[in-house]
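A look at the structure
In case you want the letters, here they are:
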Amino acid sequence: MWSYHSVFYQIYPLGFCGAPFENDGHQEHRILKVIDWIPHMKKLGVDAIYFSPVFESDTHGYNTRDYTKIDTRLGTDEDFARVCKSLHENGIKVVLDGVFNHVGRGFWAFTDVLKNRERSPYVNWFERIDFNGNSSYNDGLWYEGWEGNYDLVKLNLRNEQVIGHIFSAVRGWVEQFDIDGLRLDVAYCLDKEFLKRLRQFCDGLKQDFFLVGETLHGDYNQWMNDEMLHSVTNYECYKGLHSSFNSMNMFEINHSLLRQFGPEQWTLYKGKHLLSFVDNHDVTRVASILNNERHLPLIYALAFGMPGIPCVYYGSEWGLTGRKEEGDPALRPCPKEPQWNELTQWISSLARAKRESKALCYGNFYSVVLTNGQCVFGREVEGEKVFVCINATDQPFFASFDLGASTAKDLITGQELSLNGGAQLPPYSAYFLR
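About the thresholds
- Residues numbered from 1 in each chain as written.
- Predicted model: local features only at pLDDT ≥ 70, side-chain atom pairs only at ≥ 80, totals over all residues.
- Heavy atoms only, no water.
- 1 Å grid on protein atoms, 1.4 Å probe; cavity = no way out; pocket = protein on both sides within 12 Å on 5 of 7 lines; lining within 4 Å.
- Points joined across faces, edges and corners; volume = space filled by probe spheres on them.
- Helix = DSSP H or I, 4+ residues; strand = E, 2+ residues; numbered from the N terminus.
- Nonpolar A, V, L, I, M, F, W, Y, C, P; charged D, E, K, R; others polar.
- Core = buried A, V, L, I, M, F, W, Y, C linked by side-chain atoms within 4.5 Å.
- Buried < 20%, exposed > 50% of the residue type's maximum accessible area, 1.4 Å probe, protein only.
- Contact = heavy atoms within 4.5 Å.
- Axes fitted to C-alpha atoms, helices over the stretch in contact; angles between N-to-C directions.
- Parallel < 35°, antiparallel > 145°, perpendicular 65-115°, else oblique.
- Left-handed = near helix turned anticlockwise from the far one by under 90°.
- Pairing = 2+ DSSP bridges.
- Expected span 1.5 Å × (residues − 1).

**Overview of the layout of surface pockets**
Taken as a whole, the largest pocket holds about 390 Å³ of empty space. Contributing to the lining of the largest pocket are 20 residues, with Tyr 62, Trp 146, Asp 185, Asp 282 and Arg 332 lying nearest its centre. Top element by residues in the lining of the largest pocket is strand β8 (residues 149–154). It accounts for three residues. Partitioning the lining of the largest pocket into residue classes produces eight nonpolar, four polar and eight charged. In this structure, the second largest pocket encloses a volume near 250 Å³. What lines the second largest pocket is simply Arg 294, Pro 297, Leu 298, Glu 342, Leu 343, Trp 346, Tyr 428, Ser 429 and Ala 430. In terms of residue count, helix α13 (residues 342–356) provides more of the lining of the second largest pocket than any other element does, three residues in total. Residue composition of the lining of the second largest pocket, by class: six nonpolar, one polar and two charged.

**Brief notes about the nonpolar core**
Judged by nonpolar contacts, the single largest core of 138 residues is most densely connected at Phe 51, Phe 126, Trp 173 and Tyr 300. Considering every element that reaches this core, the biggest residue donor is helix α6 (residues 160–177), with nine residues. Ignoring any residue separated from it by four or fewer positions in sequence, one finds Phe 51 in contact with Ile 11, Pro 13, Val 34, Phe 80, Val 83, Leu 87, Val 94, Val 95, Leu 96 and Asp 97. Of all hydrophobic cores here, the second largest spans 15 residues; its members include Tyr 366, Leu 403, Leu 417 and Leu 419.

**Brief notes about the packing of helix α8 (residues 235–246) against helix α11 (residues 296–305)**
A pair of packed helices is characterised by two quantities: the angle between their axes and the separation of those axes. One way to put it is that α8 packs onto α11 with a least axis distance of 10 Å and a crossing angle of 140°. For the element pair α8 / α11, the angle class is oblique. Considering how the two elements wind past one another, α8 and α11 form a crossing that is right-handed. On the side of α8, the interface is formed by Leu 241, His 242 and Phe 245, while α11 contributes Leu 298, Ile 299, Leu 302 and Ala 303. By residue class, the composition of the contact of α8 with α11 is six nonpolar, one polar and no charged.

**Examining the environment of Leu 44**
Its location among the elements puts Leu 44 in helix α3 (residues 38–44). Measuring from C-alpha to C-alpha, the distance between Leu 44 and Arg 352 comes to 8.7 Å, with 308 residues separating the pair along the chain. Filtering out sequence-adjacent residues up to four positions away, Leu 44 remains in contact with Tyr 9, Glu 317, Trp 340, Thr 344, Ile 347, Ser 348 and Ala 351.

**What to know about the sheet that holds strand β9 (residues 181–184)**
The eight strands lie next to each other as β11-β10-β9-β5-β2-β1-β13-β12, forming an open sheet whose pairing is parallel. Unpaired on one side and paired on the other, β11 (231–232) and β12 (275–277) mark the two borders of the sheet. In terms of strand pairing, strand β5 (residues 93–98) meets β9 through four bridges, oriented parallel. Bridge assignment links Asp 97 to a residue of β9, and that residue is Arg 183.

**Some points on empty space enclosed by the protein**
Scanning the entire structure with this criterion turns up two cavities of 30 Å³ or more. In this structure, the largest cavity spans a volume of roughly 120 Å³. In terms of lining, the largest cavity is formed by 15 residues, of which the most central are Gln 10, Tyr 50, Thr 233, Leu 275 and Asn 280. Of all the elements in the fold, those that place two or more residues in the lining of the largest cavity are β12 and β13 (309–313). Ranked by the residues each element gives to the lining of the largest cavity, the list is headed by β13, at three residues. Residues that form the lining of the largest cavity fall into these classes: seven nonpolar, four polar and four charged. Taken as a whole, the second largest cavity spans an internal volume of roughly 40 Å³. Lining the second largest cavity are Pro 53, Val 54, Phe 55, Gly 61, Thr 64, Tyr 67, Asp 97, Gly 98, Val 99 and Trp 173. Breaking the lining of the second largest cavity down by element, the ones donating at least two residues are β4 (64–70) and β5. Grouping the constituent residues of the lining of the second largest cavity by class yields six nonpolar, three polar and one charged.

**Some remarks on α8**
For α8, with 12 residues, the first-to-last C-alpha span of 17 Å sits near the 16 Å given by 1.5 Å per residue. Extensive coverage of α8 is indicated by the burial of nine of its 12 residues. By the burial criterion, the buried members of α8 are Tyr 235, Cys 237, Tyr 238, Gly 240, Leu 241, His 242, Ser 243, Ser 244 and Phe 245. Turning to α8, the residues buried within the fold contact α9 (250–261), β12, α10 (286–289), α11 and β16 (384–391). One or two positions beyond α8, positive phi appears at Met 248, with a value near 45°.

**Let's talk about the sheet that holds β16**
One open sheet accounts for four strands, arranged β14-β15-β16-β21; its pairing is antiparallel. Each edge of the open sheet carries a strand with a single partner, namely β14 (364–370) and β21 (429–433). Pairs of neighbouring strands in the sheet enclose a mean axial angle of 15°, with direction left out of account. Lying on the sheet, α11 is in contact with β15 (374–381), β16 and β21; it crosses β21 at an angle near 25°.

Here it is in structure tokens:
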């Protein structure tokens, strides 16, 4: 699967392109901005782009009006086809957000229910509509909103017409935009039989079509298996990544990684490839959540060195800030142009190292050295062994381990390091030693 050795880049298009929050139907060709960023993405080392919602919606993209039409605020279907063609010509795969758990109040089938009530042929497209109740919008009927959000009308994914409509849309996305995969919004809420049918449908639609689901807690194998999703979002390690640095407790992330990928028989996800991230469109930017800015390069080194598929959120590669409590606009801004600094160059070097190392993409995981402020872990596959070394303190540290050689190459910088029973790690440093 191409995704298992890829570096992803996430863009939230409505914010990235500076679209107004409310969809007033005024069309502008904003999505073409992505084409201007392709040289930046290539220089960064991106292999695939994950677009948050691009289809016609009421406001933020996750309240879909029409699965078959690019959001008017972003442009036309032809604009997006041009964007996808340009990305593919530059070797960048395209993954779209599949928002199938719910739709917006402006979704055409739901507006028909509001208008025609019991006479609407689409009543059973939605979960639990009660014509004897009422909603917070005073509709004269009650319906199930996702997690109590009544701008998000929950779909009935056991209805054959709904399934057929969604599958027809996905087929259209492949035919029109040649997309390479889907990220499934709130996958943990989706009907599991629907997921199985979606996987079977997509397997027959395009070779190596990638399905990754948004999951938070619990056993990810519920959704990530041979019958359902190829991958899921690794929220367990998202928390462990930043809190390990902020509390100076590398035991936390190491425990999570051993639980997920370690050498023990009970390991949960050995041989699987979860989507790794330090931030995204829903959480505080990593540059705003770390207490020590010198940990910023190190958290990316850990995210790229651990098992998984690394995903970088647009703007964070140069240290863009934004806090969750400041609201969505703070997390989903419209940068005029990409920036390049030491952090961006560092992430570019990490992406190259990841891509060029089979061990970093497919290798097993085992802990070698672990203290509160330092960790060294091994990634090993037949024919290659890499040690990921992190020193998060302001003091030098000698990490004692046997690499089986007197020198090692750092895959990040390309430098040769002398070894004498271990590696001397300067303050605030990270190495991928082979």
